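Residues per chain are reported as follows:
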Amino acid sequence: MAAGDLVTKNLSFAYGDVRAVEDASIAVPAGTVTALLGPSGCGKTTLLRLIAGLERPDAGAIEAGGETLSTPERVRPPEKRRIGMVFQEGALFPHLSVAENVAFGLPRGRERADVVEEALALVGLAGMGKRSPTSLSGGQRQRVALARALAPGPEVLLLDEPFANLDPALRVELRTEVASLLRTLGITSVFVTHDQEEAFVMGAQVIVMRDGRVLQSASPSDLYSRPANRWVASFVGEANVVPGKGGAQAAETVVGVVPLAKAAPATCEVLLRPEHLSMESGEAWEVEQLEFYGHDTLYVLRSEQGEKLMVRAGGAPRYGNGDRASVRYQGPPTVAFEA
Amino acid sequence: MLRAPALVGAAGRAAGFRGPPWLWVAALVIAALFAVPVGYLVVRNISEGSETLSILFSRQTADPLANTLLLAVTVAAASAAVGTLLAWLTMRTDLPLRGAWRVICPLPLVLPSFVAAAALLAALSPGGMAEEVLNPIGLGAPSRIDGFWGAFFVLTAVCYPYVYLPAAARIGGLPSSLEEASRLLGEGAVGTFRRVVWPQVRSAVQAGTLLVFLYVVSDFGVVKLMGYPTLSTSVFVNRLYDAPLAFSLGLILAVVALAVAGLERASANRALARLAPGGVRAQRVVLGPWKAPATLAALVAVGAGLIAPVVVLAWWAVRGLAGAGSGFDRTSVDLAALGAPALNTVIAGVVTAGVAVVVVLPLAYLTSRYGGRAASAVHTVVAGSFAVPGLLIALAVVFMALKVPGLDFFYLTLPLLIFAYVVHFGVQALRSAEVGVATVDQRLEEAAQTLGAGRLRRLLRVALPLMAPALAAGGGLVLLSTMKELPATLLASPVGFETLATRIWNANEDGFLADMGLASVVLVAVSAVLTWLLVIRNSEHLR
């Protein structure tokens, strides 16, 4: 596979009657990390397996660097694609040592041992080659899996929820490490996760999927501030979606006039991120519930008409249950969806 | 997340043909080969036409059929009772030396049934052990046991482990909390067994009992030695001068075996939930005054099925080696004469095991990785060939080689014998291979694929090493069965190709009891080692 962008065009795939991927078109720019984000069962792992050549698409095509890898008629087999893959729980060969696992994809030759040692050093496991995979911790296993996938020098690296089965602290540590490693290596990577935080930390681009369809591809910050629809808005973060009267540059809502990034119809729903709202002395809203997180406090407010609003404010709670306040929008231009 | 295998297209999917087409081609060819012997049996009977029908409804058929059924049903019932009782005693009571009994109880498996029968007859023969032991203390030698009771006794003694092993494994796997709950609710030991344990164990006992039934139906050696005419002896006797009769009787025999196997499968309740092991050690039923009778019962079972025959055979073997005369033409034997038969046994067994493992591997991939109705049909063909007596499979392949133009090349050759063995015992390798295939996580193969490994390299470097233990176990079971198989070996062996089994048989027929004893001891020793390694050591009831 030639270096270059990885592209899928109108890709569809079904397991029997279950449509796993439908009309998915994505583009992964060469040398960058893309996160495939979605709830379980959304088709993100299937899309990854299609890219790897482990499944044959029912329709559409996969191209890399201008070369066609998969069509319904012809699928270049995975072993001929120069694509590395890190599986959930590693999928290390239990009958081979760590070094033998890493060497699996390498041609025979004198440099093989050096490459193995280099790859292991890259993931922080220098000198562990003789160990058996069964003697490793979960985090170490994923490191070996990464070293094994990287050793043959693939042009694309695919990672299928590689941190899903690690404990939270280790997950955060490993993903930071892997993110910086992938950036340093400049390898075109696609990374599957159901964790929004992980997607934002790892991906230069995040692609959100639901029910087999691609809903949006964007940078993490664009995705957060300008989600394509109401569902994406809530999936990638906390969201208040309130009714509004749209205009060219602003919308009228329960918290007053809110600036919009682009024009909205007269009847619309406006996205208000909780951290973009601030509370001031007033009577319109009553504090129904509050949660203190240390760095900030989340208030759940209720209006007399029964409307609900989440507000995130920095620092310790300044209001208690039953206190009344008014709310104002203090964030960047936001988006509105058709009601 | 959904995970499905590669499919062969909409049409194939509908018919249940899941999996790659090349695998299906291989599987269908193999399944067809497995079906050949029974197919030939059917074709032969159809081509004989009216004669077949007249034979089917004659006394020539009715008597041996009645005998076969009587023996099979009684031995199966007795084995079920003995096997279940021993399983309960060793797993759930305070029987002394339970740990040892758990190892000893399945041991009669090492004895080929015809060897046990021959030992019994040899002990009671003039100049035999019974006479020598009993005469000095003033007792006359007991009279000969033969006919129905002889066959019943020997077959039950060697067959009960087929029930014991699954029953003990199931009882051992039952959460003890169930029984504790029953006891706390006021039920006694016997009532708890009947109302709580038995319903859970029944399907295991039923499966074991079916194996016993099939074993008895296909048995040739014991009934022949005991002079109890059944379908299998009639087939054997008539095969040379009345082939149509032999084939008709054979067809009935096959139908009986397959029908019972099919009925058991249909009625079996295999849907028992896999119960979680019950944490605490099981409460032991205190036998109290029943301790002595229970121990005696276990001793009688193992004594009849294992200890007595082995002692008798060893006694003859030792006499033979010492060269003591006792009124027979040839009593002195030498171990060296056993070299060729032992080597032949090993060659035939090992080649059969190897071929069986290779042949069933594609089937195992289909059934355990892709599943579907078509794959389970293939499995049924292979499993059905085990229900059909080895005698019939050998008979069919030998006559085919003789009668079908172009196949005479194979008549009484080693490949023909091995073909018969593989067809008959293939399912033993298939079950193990299915377990082996299931242990290979498909993601490991996919990982290898993304690392650039082609189909052959994936098989050699990833799948085979991971499956090796299961495949070896399956091959070992086939080897064990092959070594013990008598009638198929008698019928299909090349001229002059003597195995330990046929040597024991011939020596016994000729009255060379010392020779027989020595060959038997060698066969039993080898079989014991294999049985220990493959069956008993791996059995769940020891855990």
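What counts and what doesn't
- Residues numbered from 1 in each chain as written.
- Chains lettered and ligands numbered in written order.
- Predicted model: local features only at pLDDT ≥ 70, side-chain atom pairs only at ≥ 80, totals over all residues.
- Axes fitted to C-alpha atoms, helices over the stretch in contact; angles between N-to-C directions.
- Helix = DSSP H or I, 4+ residues; strand = E, 2+ residues; numbered from the N terminus.
- Parallel < 35°, antiparallel > 145°, perpendicular 65-115°, else oblique.
- Left-handed = near helix turned anticlockwise from the far one by under 90°.
- Contact = placed C-beta atoms within 7 Å.
- Buried ≥ 20, exposed ≤ 12 C-beta atoms within 10 Å, placed from the backbone.
- Core = buried A, V, L, I, M, F, W, Y, C linked by C-beta atoms within 7 Å.
- Pairing = 2+ DSSP bridges.
- Domains from an automatic or database assignment.
- Nonpolar A, V, L, I, M, F, W, Y, C, P; charged D, E, K, R; others polar.

**Student:** Please give an account of the packing of helix α16 (residues 339-370) of chain B against helix α21 (residues 455-484) of chain B that cites residues and values.
**Tutor:** Angle between the axes and distance between the axes are the two parameters that describe a pair of packed helices. All names here are of chain B. Viewed as axis vectors pointing N to C, α16 and α21 meet at an angle of 140 degrees, and their least axial separation amounts to 8 Å. Viewed along their axes, α16 and α21 adopt a mutual orientation that is oblique. In the packing of α16 onto α21, the handedness of the crossing is right-handed. Across the interface between the two elements, T345, A348, G349, V350, T352, A353, G354, A356 and V357 of α16 pack against L471, G474, G475, G476, V478, L479, T482 and M483 of α21.

**Student:** How would you explain unusual backbone geometry if you had to name every residue and give the values?
**Tutor:** Residues and elements named next belong to chain A. With a phi angle near 50 degrees, D23 is a residue other than glycine that sits in the positive phi range. Positionally, D23 belongs in strand β2 (residues 18-28). The phi torsion at E89 lies on the positive side, around 60 degrees, for a residue other than glycine. With respect to the helices and strands, E89 occurs in the loop between β6 (83-86) and α2 (98-103). We classify E89 as partly exposed; it has 17 C-beta atoms within 10 Å.

**Student:** Can you break down the nonpolar core residue by residue, with the values?
**Tutor:** All names here are of chain B. Of all hydrophobic cores here, the largest spans 273 residues; its most connected members are V397 and A420. The biggest single contributor to this core is helix α19 (residues 414-439), with 14 residues. Those residues in contact with V397 that lie beyond four places of it in its chain are P37, L416, F419, A420 and A492.

**Student:** Residue-level account of the pairing of strand β9 (residues 205-210) of chain A, with values.
**Tutor:** Residue and element names in this part refer to chain A. Most of β9 is tucked away: 5 of the 6 residues are buried. Relative to strand β10 (residues 213-218), β9 runs antiparallel, the two being bridged by 5 bridges. Directly across from I207, in β10, lies its bridge partner S217. Linking β9 back to β10 in an antiparallel pair, the connection comprises 2 residues, with D211 at a positive phi of about 50 degrees.

**Student:** Would you mind going over the domain arrangement of chain A in detail, with residue names and values included?
**Tutor:** All names here are of chain A. Considered domain by domain, chain A is made up of domain 1 (6-82 + 154-231) and domain 2 (238-338). Using only C-alpha atoms to locate each centre, domain 1 and domain 2 end up separated by 33 Å. With 5 residues of domain 1 at the contact, the number on the domain 2 side is 7 residues. Residue classes in the side of domain 1 that touches domain 2 are distributed as 1 nonpolar, 2 polar and 2 charged.

**Student:** With reference to specific residues and values, describe the domain arrangement of chain B.
**Tutor:** Residue and element names in this part refer to chain B. What the domain assignment reports for chain B is domain 1 (18-57 + 334-511) and domain 2 (68-299). Each partner contributes residues to the interface: domain 1 has 25 residues there, and domain 2 has 25 residues. Mapped by element, the contributors of at least two residues to the side of domain 1 that touches domain 2 are α2 (21-48), α3 (50-56), α17 (373-387), α18 (390-403) and α23 (500-509). In terms of residue count, the dominant contributor to the side of domain 1 that touches domain 2 is α2 (6 residues). Across the side of domain 1 that touches domain 2, the residue classes tally to 16 nonpolar, 5 polar and 4 charged.

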